[in-house]
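Below are the chains, spelled out letter by letter.
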Amino acid sequence: MMKIAAALAALLLTVSAAPAQAAVQDAWTPTVTCASGQFTGVWTGEDEFGLPATWVSGEIQPCEPPAPGDQFGVIYYVEDPKIGILGYVHLARLRPYGPTQPSTFAGTVDKSVGPLLRICLAYDDGALLACMKPVLGPGVHNEQPPIEVLAKAPVVQVVRGYGTDPSCATCV
């Protein structure tokens, strides 16, 4: 059953993800001013190494047609003992909007950033559309901050090779 879920997630990513960009941007600079979106599915199981894994899918639609180069992404929220709640957006995993709307996406949750409070779909820093509690096993905090708190938390833009595995093609 778990292998079926993994295969389904990989198929969804291949079929529904927007085309990959040739180069990773140094900064997230969207021009979209509003959007609607949601997570449409979540599956839990084991990855190819037998470790717990979470796959998510969703959709996003900007209010107006996006400009070339506009991207959306998933922000990972963690709680740093010294800073408090902090978000990470992985520039290597930003996705361009698809040629038709809404744009759909699917992929695995990146576990390398540590225990996550929430993962949120966003069209810009602090512009959160939907959030969900990731299912990652032991060590995940039970207390979940409201979306308004997350939207005000500082967000770090992670470039290739910093704090995550940039070769994770299926991670969102």
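Residues numbered from 1 in each chain as written. Predicted model: local features only at pLDDT ≥ 70, side-chain atom pairs only at ≥ 80, totals over all residues. Heavy atoms only, no water.

Description of the sheet that holds strand E1 (residues 35-46)
Taken in spatial order, the three strands of this open sheet run E1-E2-E6, and their pairing is antiparallel. Every interior strand has two partners, whereas the edge strands, E1 and strand E6 (103-108), have only one. This sheet shows a mean twist of 15 degrees between the axes of neighbouring strands, independent of strand direction. Bridge count for strand E2 (residues 52-62) against E6 is six bridges, and the pairing is antiparallel. Residue pairing in the sheet places glycine 58 in a bridge with phenylalanine 105 of E6. (Pairing = 2+ DSSP bridges. Helix = DSSP H or I, 4+ residues; strand = E, 2+ residues; numbered from the N terminus. Axes fitted to C-alpha atoms, helices over the stretch in contact; angles between N-to-C directions.)

Notes on the packing of aromatic side chains
If you walk through the whole model with that rule in mind, you get three aromatic pairs. Arranged with centres 5.2 Å apart and planes meeting at 45 degrees, the rings of phenylalanine 72 and tyrosine 97 form a pair that is tilted. With phenylalanine 72 in strand E3 (residues 71-80) and tyrosine 97 in the loop between strand E5 (95-96) and E6, the pair connects residues that are 25 residues apart, well separated along the chain. Residue class for tyrosine 97 comes out buried when judged on its relative accessible area of 8%. Ring centres 5.8 Å apart and planes at 55 degrees place the aromatic pair phenylalanine 72 and phenylalanine 105 in the tilted group. Residue phenylalanine 72 is found in strand E3, and its partner phenylalanine 105 is found in strand E6; the two are separated by 33 residues along the sequence. Phenylalanine 105 matches phenylalanine 72 in its accessibility class, with the two residues each being buried. (Phe/Tyr/Trp six-rings, centres within 6.5 Å; stacked < 30°, edge-to-face > 60°. Buried < 20%, exposed > 50% of the residue type's maximum accessible area, 1.4 Å probe, protein only.)

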